[in-house]
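Residue-level structure breakdown
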Amino acid sequence: MKTIRDYYQSPAIAMKATVLQITPSDTGGTVILDHTLFCVQGGGQPADHGTIAGIPVTHVEAAKDSDIVFHSVSSLEGLKEGSEVELRIDVPRRVLNSKLHTGGHLLAALVEEILPGSKACGGHHWPGEARVEFIYDGQLPSDFEQALCTMIDNAVANDLTVKRSLTNEGDRFVQIGEYPALRCGGTHCWSLKQLGRLIVRGIKQKKDRLRIGYDVSVDLSSQRYA
Ligand SMILES: [Zn+2]
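Every chain is numbered on its own, with residues counted from 1 as its sequence reads. Predicted model: local features are reported for residues with pLDDT of at least 70 only, side-chain atom pairs are reported and counted for 80 or more only, and whole-chain, interface and lining totals are derived from all residues. Water and hydrogen atoms were dropped before computing side-chain values, which therefore reflect all heavy atoms in the structure.

1. So, the overall build of the protein
So the rule is basically this: Going along the chain from the N terminus, every DSSP run of H or I of four or more residues is numbered as a helix, and every run of E of two or more is numbered as a strand. As defined in this context, the radius of gyration uses C-alpha atoms, and a globule is described by 2.2 Å times the residue total to the power 0.38. Burial classification: accessible surface area is computed with a 1.4 Å probe over protein chains only, and a residue below 20% of its type maximum counts as buried, one above 50% as exposed, and the rest as partly exposed. Here a residue-residue contact requires only that any non-hydrogen atoms of the pair lie within 4.5 Å. Lys and Arg are tallied as positive, Asp and Glu as negative. Neither His nor the chain termini are counted. Taken as the charge centre is NZ of Lys, CZ of Arg, CG of Asp or CD of Glu, depending on the residue.
A count of helices and strands for the protein gives two helices and 15 strands. Relative to the 2.2 N^0.38 estimate, which gives 17 Å for 226 residues, the radius of gyration of the protein is 19 Å and therefore close to what a compact globule would have. Expressed as a percentage of its 226 residues, the buried residues of the protein come to 40%. Across the protein, every contact between residues at least 6 apart in sequence was considered, and the portion connecting residues at least 24 apart equals 65%. Of the side-chain charges in the protein, 24 are positive and 27 negative, and the distance between the mean point of each set is 2 Å.

Here's what the structure looks like:
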């Protein structure tokens, strides 16, 4: 059994898919589909929400080392294995998660450029608590924050593209402008103008770790992200 993750390449917010398996649970049940538009939780990004056949999707996750995506739903009423169902993504949630995730990639690329020897080692892109962590044991230049904010604004003003590619093995890579492509399964803006403003919330350095908190401007327009 396998779920094809259409959101890796498609900005669609609705599509039809076939139910492969349903499993009841205390809170409703779990649905496995042949295709999905729901981004799984992981890589520092929360899962997409939305509906399957009108039933709310409360969580989406993938089994480790498996191509199967599990959609938690609040009810299994009307769902049958083998039937075709309509998937609909919660667009405002998708937009916000995509902006925060793209902002994290941008911060990582710019900080590594400004601070020689620094290396992004983790990211958490949840609303209200987004941050990127770096391994860095050097002295921060006194104009670091100002230089970073200027580079962020320039990258957004230049509307750098966010490219996706999929290898034959199914590995998905994401690349901002000419910065190195990174293996990533999340959802993103298509170019940096969609990001709007990226705001640095705080910079903390402790031992060999540097942590940068950030936020994005919220413009829940009809732009599509994947
Ligand atoms: Zn990503």
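2. A word on the coordination of the zinc ion
The criterion, for reference: The rule for donors is simple: N, O or S, within 2.8 Å of the metal, or within 3.2 Å if the metal is Na, K or Ca. Water isn't counted, so a site may look like it is missing partners. Tetrahedral means four donors with every angle between 85 and 135 degrees, whereas square planar (four donors) and octahedral (six donors) require angles over 155 degrees between opposite donors and between 65 and 115 for all others; sites fitting neither are termed irregular.
Note on the zinc ion: its protein donors are His101 (NE2), His105 (NE2), Cys184 (SG) and His188 (NE2). The metal-donor distances range over 1.9 to 2.2 Å. Coordination geometry of the zinc ion: the four donor atoms subtend angles of 93 to 124° at the metal centre, consistent with an arrangement described as tetrahedral. Here the donor residues of the zinc ion share one chain and are spaced in sequence as H-x3-H-x78-C-x3-H. Of this pair, His105 sits in helix 1 (residues 91-114) while Cys184 sits in the loop between strand 13 (182-183) and strand 14 (198-206); the two residues are 79 residues apart in sequence, bridging distant segments of the chain. Accessibility expressed as a relative area gives 13% for His105, which makes it buried. Cys184 sits in the buried class, given a relative accessible area of 12%.

3. So, unusual backbone geometry
For Asp159, which is not a glycine, the phi torsion comes out positive at approximately 50°. Residue position: Asp159 is located in the loop between helix 2 (144-157) and strand 11 (162-166). Of note, Lys207 is a non-glycine position whose phi angle comes to about 50°, a positive value. Note that Lys207 resides in the loop between strand 14 and strand 15 (209-216).

4. Notes on the nonpolar core
Here is the rule: Among the buried residues, those of types Ala, Val, Leu, Ile, Met, Phe, Trp, Tyr and Cys that are joined through side-chain atoms within 4.5 Å form a nonpolar core.
Judged by nonpolar contacts, the single largest core of 29 residues is most densely connected at Leu106, Leu148 and Ile212. Counting residues per element, the ones that place at least two in this core are helix 1, strand 10 (131-135), helix 2, strand 12 (172-176), strand 14 and strand 15. The greatest single-element share of this core, amounting to six residues, is contributed by helix 1. With 23 residues, the next largest nonpolar core counts Val40, Ala47, Ile52 and Leu87 among its residues.

5. Comments concerning the sheet that holds strand 6 (residues 55-62)
Stated precisely, the cut-off is as follows: Two strands qualify as a pair provided DSSP detects at least 2 bridges between them. An axis is simply a line fitted to the C-alpha atoms; with a helix, the fit covers only the stretch in contact. Between two such axes, the angle follows the N-to-C directions and lies from 0 to 180 degrees.
The strand order around the closed barrel formed by six strands is 2-3-7-6-5-8, and the pairing between neighbours is antiparallel. Between one strand axis and the next, the sheet turns by 45° as a mean value, whatever way the strands run. Inspection of the sheet shows strand 5 (residues 50-52) paired to strand 6 by three bridges, in the antiparallel sense. The partner of Gly50 across the bridge, within strand 6, is Val57.

6. What to know about the pattern of salt bridges
The criterion, for reference: Only one rule defines a salt bridge in this text: a Lys or Arg side-chain nitrogen within 4 Å of an Asp or Glu carboxyl oxygen.
In total, this model carries seven salt bridges according to the counting rule given. Among the ionic pairs, Glu112 bridges to Lys119, the shortest N-O distance being 3.8 Å. You can call Glu112 partly exposed: its relative accessible area is 27%.

7. What about the environment of Ser25?
Inspection of the secondary structure assignment puts Ser25 in strand 2 (residues 14-25). Separated by 49 residues in the primary sequence, Ser25 and Ser74 have C-alpha atoms spaced 9.2 Å apart.

8. Things to note about the packing of helix 1 against helix 2
Relative orientation and spacing of two packed helices are given, respectively, by the angle between their axes and the distance between those axes. Here is the rule we go by: Each angle gets one of four labels, with under 35 degrees taken as roughly parallel, over 145 as roughly antiparallel, 65 to 115 as roughly perpendicular, and the rest as oblique. Crossings are sorted by hand: turned counterclockwise from the far helix by less than a right angle, the near helix makes the crossing left-handed, and turned clockwise it makes it right-handed. The nonpolar class holds Ala, Val, Leu, Ile, Met, Phe, Trp, Tyr, Cys and Pro. Asp, Glu, Lys and Arg form the charged class, and all remaining residues, Gly among them, are polar.
Here helix 1 crosses helix 2 at 130°, and the two axes come no closer than 10 Å. Put simply, helix 1 runs oblique to helix 2. Remark: the crossing between helix 1 and helix 2 carries right-handed chirality. The residues of helix 2 that touch helix 1, namely those facing Leu106, Leu107, Leu110, Val111, Glu113 and Ile114, are Phe144, Ala147, Leu148, Met151, Ile152, Ala155 and Val156. For the contact of helix 1 with helix 2, the class distribution of residues is 12 nonpolar, no polar and one charged.

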